[in-house]
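# Structural description and commentary
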Amino acid sequence: MSTTETDVVARTRAEPREHPSRRPDSSDCQQDRSAREVHPAPDRYRNAIGKYKIDRLASCISCGRCAEVCPQGVHVKPGGYAFTVRPHDYQCVGPECARTDRFCVALCPQKALSLRRNPSAECMGDPRWSSDLILATWHEAATGHEPPPHLECRHGASGGGFDKLRFKFEVEDPERPAQVPAAEIDTGLDLNHRQDGRPQVHIDIPIYGGGMSFGSVSIHTILAKARAASAWNSFTCTGEGGYPDRLKPYDDHVITQVATGLFGVREETIQRVRMVEFKYAQGAKPGLGGHLLGDKNTPPVARMREAVAGNALFSPFPFHSVYSVEDHKKHLDWIKEVNPRCLVSVKVSTPTDVDMVAVGSYYAGAHIIHLDGSYGGTGAAPDIAKKNIAMPIEFAIPKVHKFLLAEGIRDAVTLICSGGIRTPHDVLKAVALGADGAVIGTAEMVALGCVRCACCESGRGCPRGIASTDPELMMQMSLEWATQRLVNLHNAWREQMVDVLSRLRMKSIRELRGRSDLLCYLSDEPDLAEEVSR
Amino acid sequence: MPDRYHIHAVPTPARFRRVGKFGNVDWREDCSRCSNCVKLRCTYDVYRQESAHDHDPAAPLQTLNGCKACLSCVQGCTKGLLGVSVNPEFLDMGDAYWKPDILLTTWNQSDAGKIPVSGAGYRGRFHGPGFDSIWTDMSEIVRPTRDGIHGREYISTSVDIGARPLRLEFDSGGRLLTEPARLLEIQLPAILDMPAWQVQDSHLAEARAMAAKELCSLAVMTAADAAALPPERLPFVVPVMNGDDILESRALLHAVRMAELPDGPEVAKLASDMRSVNPELTVAVRLVLRPTAADRAAELARAGMKILHLCADQHGCERPGNGKPGRHVKDVLREVHVRLVKDGLRDTVTLIAGGGIALAEHMAKAIICGADLVSVDTALLVALGCRVCRDGHAMCSDGRCPVEIGSVDSAYAAQRMVNLMSAWHSQLIEVLGAAGIREVRRLRGEVGRAMFLEDLEKDAFGDIARVAQSRVGA
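On a predicted model such as this, the values are computed, not experimentally measured, just so you know. (Residues numbered from 1 in each chain as written. Chains lettered and ligands numbered in written order. Predicted model: local features only at pLDDT ≥ 70, side-chain atom pairs only at ≥ 80, totals over all residues. Heavy atoms only, no water.)

## As for the pattern of salt bridges
For the record, the criterion: The term salt bridge refers to a pairing of a side-chain nitrogen on Lys or Arg with a carboxyl oxygen on Asp or Glu at a separation within 4 Å. Only DSSP runs of H or I reaching four residues or more are called helices, and only runs of E reaching two or more are called strands; each is numbered from the N terminus. We call a residue buried when its accessible area falls under 20% of the maximum for its residue type, exposed when it is over 50%, and partly exposed in between, using a 1.4 Å probe and counting protein chains only.
Per the counting criterion, the structure on display carries 61 salt bridges over all chains. Here Asp193(B) and Arg286(B) are joined by a salt bridge, their closest N and O atoms 3.1 Å apart. Taken together, the residues span a long stretch of sequence, with Asp193(B) in the loop between β7 (190-192) and α6 (202-215) and Arg286(B) in strand β11 (residues 282-288) at a distance of 93 residues. Accessibility expressed as a relative area gives 2% for Asp193(B), which makes it buried. The closest approach of N and O atoms between Arg339(B) and Asp295(B), which form a salt bridge, is 2.5 Å. Within this pair, whereas Arg339(B) is found in helix α11 (residues 329-342), its partner Asp295(B) is found in helix α10 (residues 293-302), the two being separated by 44 residues in sequence. Linked by salt bridges that have partners in common, Arg410(A), Asp411(A), Asp436(A) and Arg513(A) make up one network.

## A short note on the layout of surface pockets
All names here are of chain A. The condition is simple: Here a cavity denotes grid points, spaced 1 Å and computed from the protein atoms alone, that fit a 1.4 Å probe unable to get out, and a pocket denotes an open set having protein on both sides within 12 Å along at least 5 of 7 lines; residues with an atom within 4 Å of a point are the lining. Grid points are joined across faces, edges and corners, and a volume is the space filled by probe spheres set on the points.
By volume, the second largest pocket amounts to about 1,400 Å³. If you trace the second largest pocket, you find 50 residues lining it, with Arg86, Pro87, His88, Asp89 and Tyr90 closest to the centre. In terms of residue count, helix α4 (residues 131-143) provides more of the lining of the second largest pocket than any other element does, five residues in total.

## Focus: the domain arrangement of chain B
Residue and element names in this part refer to chain B. Formally: Where each domain starts and ends follows an automatic or database-derived domain assignment. By definition, residues are in contact when any of their heavy atoms lie within 4.5 Å. A quick way to say it: buried area is the sum, across both parts, of accessible area lost when two parts are put together, with a 1.4 Å probe. Whenever a nitrogen or oxygen atom comes within 3.5 Å of another N or O atom, the pair is scored as a polar contact, on the condition that within protein one atom can donate a hydrogen and the other can accept it, and that pairs from neighbouring residues in sequence are kept only if both atoms are in side chains. Three classes are used: nonpolar for Ala, Val, Leu, Ile, Met, Phe, Trp, Tyr, Cys and Pro, charged for Asp, Glu, Lys and Arg, and polar for all others, with Gly counted as polar.
Entries for chain B in the domain assignment read domain 1 (26-116) and domain 2 (159-457). The centre of domain 1, based on its C-alpha atoms, is set 38 Å off from the matching centre of domain 2. Taken together, the contact between domain 1 and domain 2 spans 21 residues of the former and 26 residues of the latter. Summing the contributions of domain 1 and of domain 2, the shared interface buries around 2,000 Å²; its carbon and sulfur component is 57%. On the domain 1 side of the contact with domain 2, Tyr97, Trp98 and Ser110 bury the most area, a combined 33% of that side's loss. The tally of links between domain 1 and domain 2 comes to two salt bridges. Where domain 1 meets domain 2, there are nine residue pairs in polar contact (both at pLDDT 80 or more). Elements that contribute at least two residues to the side of domain 1 that touches domain 2 include exactly α4 (88-91) and α5 (100-112). Ranked by residue count, the leading element in the side of domain 1 that touches domain 2 is α5, at nine residues. Within the side of domain 1 that touches domain 2, the residues separate by chemical class into 10 nonpolar, six polar and five charged.

## Things to note about the sheet that holds strand β6 (residues 207-209) of chain A
Residue and element names in this part refer to chain A. Selection rule: Strand pairing is assigned whenever DSSP detects at least two bridges linking the two strands. As a rule, the C-alpha atoms of each element are fitted with a line to give its axis, helices using only the stretch in contact, and angles between N-to-C directions run from 0 to 180 degrees.
Pairing within the open sheet is parallel, and its eight strands lie in the order β6-β16-β15-β13-β12-β9-β8-β7. Every interior strand has two partners, whereas the edge strands, β6 and β7 (236-237), have only one. Examined bridge by bridge, β6 and strand β16 (residues 437-440) share three bridges and lie parallel to one another. Within the sheet, the bridge partner assigned to Gly209 lies in β16 and is Ile440. The strands touched by helix α10 (residues 354-364) are β12 (343-348) and β13 (368-372); relative to β13, the strand with the most contacts, the crossing angle is about 155 degrees.

## A closer look at the environment of Arg15(B)
All names here are of chain B. Positionally, Arg15 belongs in the segment before β1 (26-27). Its relative accessible area of 31% is what places Arg15 among the partly exposed residues. With 397 residues separating them in the primary sequence, Arg15 and Tyr412 have C-alpha atoms 9.7 Å apart. In this structure Arg15 touches Val403, Glu404, Ile405, Ser407, Val408 and Tyr412, once residues within four positions along its chain are discounted. A distance of 2.7 Å separates a polar side-chain atom of Arg15 from the backbone oxygen of Val403.

## Some thoughts on unusual backbone geometry
Cis geometry is found at the peptide bond from Phe317(A) to Pro318(A), where omega equals -15 degrees. Take Pro318(A): it is sitting in the loop between β11 (313-315) and α9 (325-338). Residues other than glycine seldom take positive phi values, yet Arg452(A) does so here, at roughly 55 degrees. By the secondary structure assignment, Arg452(A) is in the loop between α14 (442-447) and α15 (471-474). Unusually for a residue other than glycine, Asp45(B) sits at a positive phi of about 60 degrees. With respect to the helices and strands, Asp45(B) occurs in the loop between α1 (36-41) and α2 (46-55).

## Quick look at the pairing of strand β8 (residues 254-258) of chain A
Residue and element names in this part refer to chain A. β8 sits mainly inside the fold: five of its five residues count as buried. By the alternation rule, side chains of β8 split into Val254, Thr256 and Val258 and Ile255 and Gln257, which are all buried. With two bridges connecting them, β7 and β8 associate as parallel partners. For Cys237, the partnering residue across the bridge sits in β8 and is Ile255.

## Side note on the interface of chain A and chain B
The interface is formed by 96 residues belonging to chain A together with 72 residues belonging to chain B. Surface buried jointly by chain A and chain B totals about 7,400 Å² across both partners, of which 57% is contributed by carbon and sulfur atoms. When residues of chain A are sorted by the area they lose upon contact with chain B, Ile384(A), Phe395(A) and Tyr521(A) head the list and together hold 11% of the total. Counting the contacts that link chain A with chain B gives four salt bridges. Asp126(A) is the salt-bridge partner of Arg123(B), the closest N and O atoms lying 3.9 Å from each other. The tally of links between chain A and chain B comes to 39 residue pairs in polar contact (both at pLDDT 80 or more). Residue classes in the side of chain A that touches chain B are distributed as 50 nonpolar, 23 polar and 23 charged. Taken together, the four bridges between strand β17 (residues 519-523) of chain A and strand β16 (residues 465-468) of chain B define a ladder with parallel strand orientation. Bridge pairing in β16(B) links Cys520(A) to Ala465(B).

Structure, rendered in structure tokens:
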């Protein structure tokens, strides 16, 4: 089964696609499927933020010259109006425009315009998620396409890992044209390689959504992720917070998570889905378990988790019934027995012996080994854990990939990575390092308007209404808008992945797996420059 | 059953408004006074708090920088007039090592002793020099306790200072020849050291002594400062002696359990002199980290010195003395540790690492690199509000300190130090818990439970071609 451009067509709710693997008793709910259509989904706030700021002085005479020359639509003077409206400076491409003959600042007869970097935009950047990267992701979510060149959308500024890796052609031949027609390129993945009689599960893009529990994020966020997953024939994950009834129409695209607290885990929720995820550890807080702060444990959250509202809820670390690979297998067998048609994913963090852990999980019966690197997202984690415990995913992928190859079991298991996958280029680099696909989390939150202010855990939760169960805050975002943003994001990511694969002369993302020979590492040492050419 | 070690953190607000990271709100003209930003948009009520603060005659003069940069007001402003920026005063604090973010998190931890918790993922650079190129290990299955790291079972952070006999020796008559072990057990693998630069210190020395008592740790100070303290504080004090003041300080040497001597050719003899005054005294050598540290450490260990306090500069680097940048303390520690192991001396000495210990993870990583415990110096000043001003610390001595550390009350300062160490202690337990280790003693030199950048890069990217960064721009 393959996924090509021709498949990327609208599938409306009226045309739910039946999965051949579905058993009549698997879900008692009519399945819903959102449309895989790109529509504009502009910023939900009154004032969109751009990289640049255009200031207009009082000496402006509203002559409209700027509106005439600007190709980006920054300046608008509506017909019949005497004044130009406030500049839509979020559309401005910045100093690059000065090289053209349509630069408003130079052409203003009153010299009333000036251009500067937007200080508000710089507030939301950090080395891992640079301001450009956030703005680029917003653009992808708003338009469904790759951002303009003034926004660096490929990598952040962390100075290591993915940000130091490039495909060789990016360095040697940045203008290399596409070699394979986009329509012939397949970005889909089969997830079951065990040949164990369980159904095949195919996803049309090599990414799916990471676990975010009801409680850590709003129901709108959860549903938007599920609907986008249904549109793109991929998955989202419940996290460890129970299975809200409103997710039932998307059962076929939901992974239900079994984590150490077992919050909301019931046999009927396991039986409902095509994939179950065992969470042993989370990359952002490896070895520390989960923690839902009391403020976010609202009555609906508490009901879902069968807990007392207002109390902080801890998921202990680790599974207290697992001391060995044999115990681990017992867990997986339990799930497989409860749901004979599901695949089982095992989510682990990245310790020094992550390769051994992966092999152990394979022998325990896992279909998918999900590595969650240490720079991944979280709703709340001690800062010391985010930075210092366990290795970043860039180091873990090749370690595990090579070990599985040496064991002769690489083709019998699906290797999925997460924890710091911010862009489609990160996905491709991860695949080139040895992964099959990736799980994303923060990127989806950014698409919904997250500025990474890191306040998910405090008080009422996210001030942007994404990671909050506060009834007032969560209503800032409509479900329709959020769904469209994520559908657009996936489209933009797929387009970029297809572009790179095409330039690599590949017809399928599966050809890229383990091709680290296509990568190069940016070194601070100048004398290594000739190695590539040799 | 002995009491469980617990640090009593007490909320102790800072004396001055902290320099916040955001909140330099640009409020351009033409505001319609709709109050949208104040009443609706700001989830954290920062506008109201700013207003209350500005109208409070008793409030400090500094701006209240409580903005969290969620940008809700900027994006929701009816007329698009608001802008937020990073506070330039914030960026101007500290230096290349003591970065503004380190100062801010230290202040926050000193307020109430809570560990920093935040949402979203890691926000910093992929790696950095020194301790930022080490990751500690975790275990998917092994756990140190059955009921969580804060449960009923105990993760020990106590360490021993002093010589532990490797074996017992008896004479032919069966009489014990081995001297009894003189071990100082402290409950936290950190002692409180003197500031790295000249500060009006006598009241801070008293604060350190008070904090050390609460923490069951030790406070290092000059002999003069120690002599001025009340006797009940002296068991938690480590005076730094020099050769001349030993005889005049007999009373002090009798009252303390440990003392330090600066390294020098006469150090073994001076230590012997001090022990002749107080045979129970534990004597440490304060050794400035230089490129020859490993040789000197082995030499001192052979000469019978049982405790070596290795002091890097305030940026955690050795002092090569030739104008070149020195190695980071993590590298020097590994060299010293391995050298002592190879010479069969490691278990005869206690290594204390100091200088550049700025965050809780530095404590854990220094121990992984080979130290038994660390000494904390500059971080204690930061706990009191210090901004590590860049002008060569001249402001400290001439009374221009922006947070008036010279006038801080000792008890207040002690509580802030206790709070900081409480937060560090909790974070150390997080690291130990994640690694499945039940006592910090077992972390010493455990490089197998850590990951070093150079090893990881070699394993993961060793077969990937290297290209100069300059070929693709910055």
